[in-house]
Amino acid sequence: MQSIRNIAIIAHVDHGKTTLVDKIIHASKIFDAHQQFDDLILDNNDLERERGITIVSKNVSVRYKDVKINIIDTPGHADFGGEVERVLKMADGVLLLVDAFEGPMPQTRFVLGKAIQLGLKPIVVVNKVDKENCRPDEVHEMVFDLMFNLDATEDQLDFVTLYGSSKHGWMSTDWQHPTDNITPLLDAIIEVIPPAPSEEGTPQMQITSLDYSSFVGRIAIGRVKRGTLQEGANMSLCKRDGSIKKVKIKELQVFEGLGRVKVESVSAGEICAVTGIEGFEIGDTLADFENPEPLERIAIDEPTMNMLF
Ligand code: GDP
């Protein structure tokens, strides 16, 4: 089975998240020896066009050294407390992107705090070191102090830091020694972030976000916690009030590049989109037809509820 890394990205607006994700996608296309999606090789114009269709999905996936890396977007501030938590629950690690001049911003403190609390392993990217008057070493220290104040464990405080310029397409462990690409960051993700565990057993997936298509209606998105989901399978939908609804999986999709591709089955550890599930709500568990076992619900706060329903 393919090895997977699920990493959430936390960045203050304008610190360079979009630019970095573009560069990651480009790099993975160049280095992926087992290119199965030739049509996804992108030039800048294609990227712009593709970006248009992914605004709803927010997740992007790349393959690097036979590993699939799912990059999960997080809301940049604290307004959607519950949303932050459920998005982070899909990840095993977190990439904190910080501007080398501005340093960590108060708005990202909340999200980082949640990630630390959830025990996620951080990787730090100090971005924009090409800028004049930047202060990478100081910013690194600020990030360390912030994590310390957020009660990070020793293991979390022992984070890897990459310095670089998303704009110029390089990342390095030493900002005074630029590389000519961003592969040091991809290598760090593979080495530092734990592989998504593939638990066997009856299937369980917690629905953590949703998408909508005018063709198929509401699409449930989440991480498969245990077992394998199959296209066409009859399932149980475990609801908030304890009731169980019988549903059927119509189609399954996994994230690939800036879009999604249809697959027949999805195993534990992977993040997927499921169509055909009638009447689901965020937080519901999609579970085995015969033996439905709900996962613990995630808190959803009022603003998120209002936004979603
Ligand atoms: P986002 O809001 O976090 O997605 O940030 P963007 O990727 O849109 O970048 C915000 C601005 O910062 C854009 O004008 C980018 O060109 C610029 N930018 C991003 N990365 C770098 C970098 O490494 N160096 C410099 N000098 N500018 C950058």
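Residues numbered from 1 in each chain as written. Predicted model: local features only at pLDDT ≥ 70, side-chain atom pairs only at ≥ 80, totals over all residues. Heavy atoms only, no water.

**A look at the UniProt feature "binding site: GTP" (unreviewed entry) in the chain**
Rules: UniProt positions are given in the numbering used here, feature names are shortened, and annotations may be inferred rather than shown by experiment. To qualify as a helix, a DSSP run of H or I must reach at least 4 residues; to qualify as a strand, a run of E must reach at least 2; elements of each kind are numbered from the N terminus. The contact definition used throughout considers only heavy atoms, calling two residues in contact when any of these lie within 4.5 Å.
When the UniProt feature table is mapped onto this chain, "binding site: GTP" (unreviewed entry) is found at Asp14, His15, Gly16, Lys17, Thr18, Thr19, Asn127, Lys128, Val129 and Asp130. Residue placement: Lys17 occurs in helix H1 (residues 17–31). Aside from chain neighbours lying at most four places away, what touches Lys17 is Ile9, Ala11, Asp73, Thr74 and Leu97. Structurally, Val129 can be placed in the loop between strand E5 (121–127) and helix H5 (136–149). Residues contacting Val129, with those up to four places away along its chain left out, are Ala100, Cys134, Pro136, Tyr163, Gly164, Trp170 and Trp175.

**Some thoughts on the pairing of strand E4 (residues 93–99)**
The criterion, for reference: Classification of residues uses two cut-offs on accessible area relative to the type maximum, computed with a 1.4 Å probe and protein chains only: under 20% is buried, over 50% is exposed, and between them is partly exposed. Pairs of strands are assigned from DSSP output, requiring at least two bridges between the strands. Look down the strands so they point away from you; if going from the first strand over the helix to the second traces a clockwise path, that crossover is right-handed.
When you tally the buried positions in E4, you get seven out of seven residues, the bulk of the element. Burial of E4 is two-sided: the residues Gly93, Leu95, Leu97 and Asp99 facing one way and the residues Val94, Leu96 and Val98 facing the other way are all buried. Note that strand E1 (residues 3–11) and E4 share five bridges and pair parallel. Looking at E4, one finds that Ile9 is bridged to Leu95. Bridge count for E4 against E5 is seven bridges, and the pairing is parallel. By the bridge assignment for E5, Leu97 is matched with Val125. For the crossover that starts at E4, traverses helix H4 (residues 106–117) and ends in the parallel E5, the hand is right-handed.

**Re the site of the ligand**
How we decide: Definition of nearness: a residue and a molecule or strand are near each other if at least one heavy atom of the residue lies within 4 Å of the molecule or strand. Throughout this description, a polar contact denotes any pair of N or O atoms lying within 3.5 Å of each other; where both atoms belong to protein, one of them has to be capable of donating a hydrogen while the other can accept it, and for residues adjacent in sequence the pair is counted only when both atoms sit in side chains. Only the protein chains shown count as cover for residues, with accessible areas throughout obtained via the Shrake-Rupley method and a probe of 1.4 Å. Asp, Glu, Lys and Arg are counted as charged, while Ala, Val, Leu, Ile, Met, Phe, Trp, Tyr, Cys and Pro are counted as nonpolar; the rest, among them Gly, fall into the polar class.
Taken together, 15 residues sit near the ligand, with Asp14, Lys17, Thr18, Thr19 and Asp130 positioned nearest. In this structure, Gly16 approaches the ligand through a main-chain N or O atom, which is 3.0 Å from an oxygen atom. At 3.2 Å, a backbone N or O of Lys167 approaches an oxygen atom of the ligand. Against a free-state accessible area of 580 Å², the protein chains account for coverage of 73% of the ligand. The element contributing the most residues to the shell around the ligand is H1, with three residues. Among the residues forming the shell around the ligand, the class breakdown is one nonpolar, eight polar and six charged.

**Structural notes on the nonpolar core**
Generally speaking, soluble globular proteins have nonpolar side chains that are buried together. Applicable threshold: What is meant by a nonpolar core is a set of buried Ala, Val, Leu, Ile, Met, Phe, Trp, Tyr and Cys residues, joined one to another through side-chain atoms within 4.5 Å.
In terms of nonpolar packing, the biggest core is built from 36 residues, with Leu96, Leu112, Val143 and Met147 touching the most fellow members. Mapped onto this core, the elements with two or more residues apiece are E1, helix H3 (81–88), E4, H4, E5, H5, strand E9 (217–226) and strand E16 (271–275). Once you skip the residues sitting within four places of it in the chain, Leu112 turns out to touch Ile10, Leu96, Leu146, Met147 and Leu150. Core analysis: the second largest hydrophobic core is formed by 29 residues, Ile9, Val60, Ile123 and Ile189 among them.

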